[in-house]
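The chain contents come next:
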Amino acid sequence: MANINIRIELNEYRPCIVNEKKALFHRWVYTKNLLKEEFEVGIVEYENGQIEKITPNKIRFTDNKIQEYDFNNKESE
């Protein structure tokens, strides 16, 4: 079996696009809506310094981190 190391940095900012604007993704957080239902959002910072909570489907990461993973590894099947 191959050794696979996945490293997650808690303070790792990732470049992204949100509503056609450049931003830095800070982290995922849980929040609640008016019905007290909990859901996850991303905290992003725009070039002008504005911070916003964004739903995951609105965030497009631009750093291509997915290329670091080998999805064709036959050993994991």
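Scoring rules and cut-offs
- Residue positions are counted from 1 within each chain, in the order its sequence is given.
- Residues qualify for local features only when their pLDDT is at least 70, as the model is predicted, and side-chain atom pairs are given and counted only at 80 or more; totals for whole chains, interfaces and linings, by contrast, use all residues.
- Only hydrogens and water are set aside; all other atoms, that is, all heavy atoms of the structure, feed into the side-chain values.
- Secondary structure elements follow DSSP: runs of H or I no shorter than four residues count as helices, runs of E no shorter than two count as strands, and numbering proceeds from the N terminus.
- Only protein chains enter the calculation, and the probe is 1.4 Å; a residue is then buried if its accessible area is under 20% of its type maximum, exposed if over 50%, and partly exposed in between.
- The contact criterion used is simple: two residues touch if any of their non-hydrogen atoms lie within 4.5 Å.
- Note on areas: Shrake-Rupley with a 1.4 Å probe; residue coverage comes only from the protein chains shown.
- Patches draw on residues past 30% relative accessible area with no salt bridge. Two like charges within 9 Å are joined, as are two nonpolar side chains (Val, Leu, Ile, Met, Phe, Trp, Tyr) within 5 Å.
- Salt bridge criterion: a side-chain nitrogen from Lys or Arg within 4 Å of a carboxyl oxygen from Asp or Glu.
- By this definition, two strands are paired if DSSP reports at least two bridges between them.
- In these notes, a set of buried Ala, Val, Leu, Ile, Met, Phe, Trp, Tyr and Cys residues joined through side-chain atoms within 4.5 Å is what counts as a nonpolar core.
- Distance and chemistry together define a polar contact, namely a pair of N or O atoms within 3.5 Å, with one atom able to donate a hydrogen and the other to accept it when in protein, and with adjacent residues in sequence counting only for side-chain atoms on both sides.

## Focus: the overall build of the protein chain
Along its length, the protein chain carries zero helices and five strands. Secondary structure elements of the protein chain occur, N-terminal to C-terminal, as β-β-β-β-β. Taken over 77 residues, the protein chain has a buried fraction of 21%. Long-range contacts, defined as pairs at least 24 residues apart, comprise 34% of the intrachain contacts of the protein chain with a sequence gap of at least 6. Per element, the accessible surface of the protein chain, about 7000 Å² overall, is 48% carbon and sulfur.

## Quick notes on a nonpolar patch on the surface
Judged by side-chain polarity, I66, Y69 and F71 come together as a nonpolar surface patch covering roughly 370 Å² of accessible area. Residue placement: F71 occurs in the segment after strand 5 (59-61).

## Overview of the pairing of strand 3 (residues 38-46)
Two elements, strand 2 (residues 21-32) and strand 3, share nine bridges in a ladder whose sense is antiparallel. Pairing of W28 across the sheet is with G42, part of strand 3. The antiparallel pairing of strand 2 with strand 3 creates a hairpin that spans five residues between the two strands, and K36 there sits at a positive phi of about 65°. In this sheet, strand 4 (residues 51-54) lies alongside strand 3 in antiparallel orientation, the contact comprising four bridges.

## Examining the nonpolar core
Formed by C16, V18, A23, F25, V44, Y46, I54 and I59, the largest nonpolar core amounts to eight residues. With near-sequence residues (within four places) excluded, A23 lies in contact with R14, P15, C16, V18, V44, E45 and Y46.

## Quick word on the side chain of R14
For R14, the position within the fold is in strand 1 (residues 14-18). In this structure the side chain of R14 is engaged in a polar contact, spanning 2.8 Å, whose partner is the side chain of D63. With residues up to four places along the chain from it excluded, the contact list for R14 reads A23, L24, F25, F61, D63 and K65.

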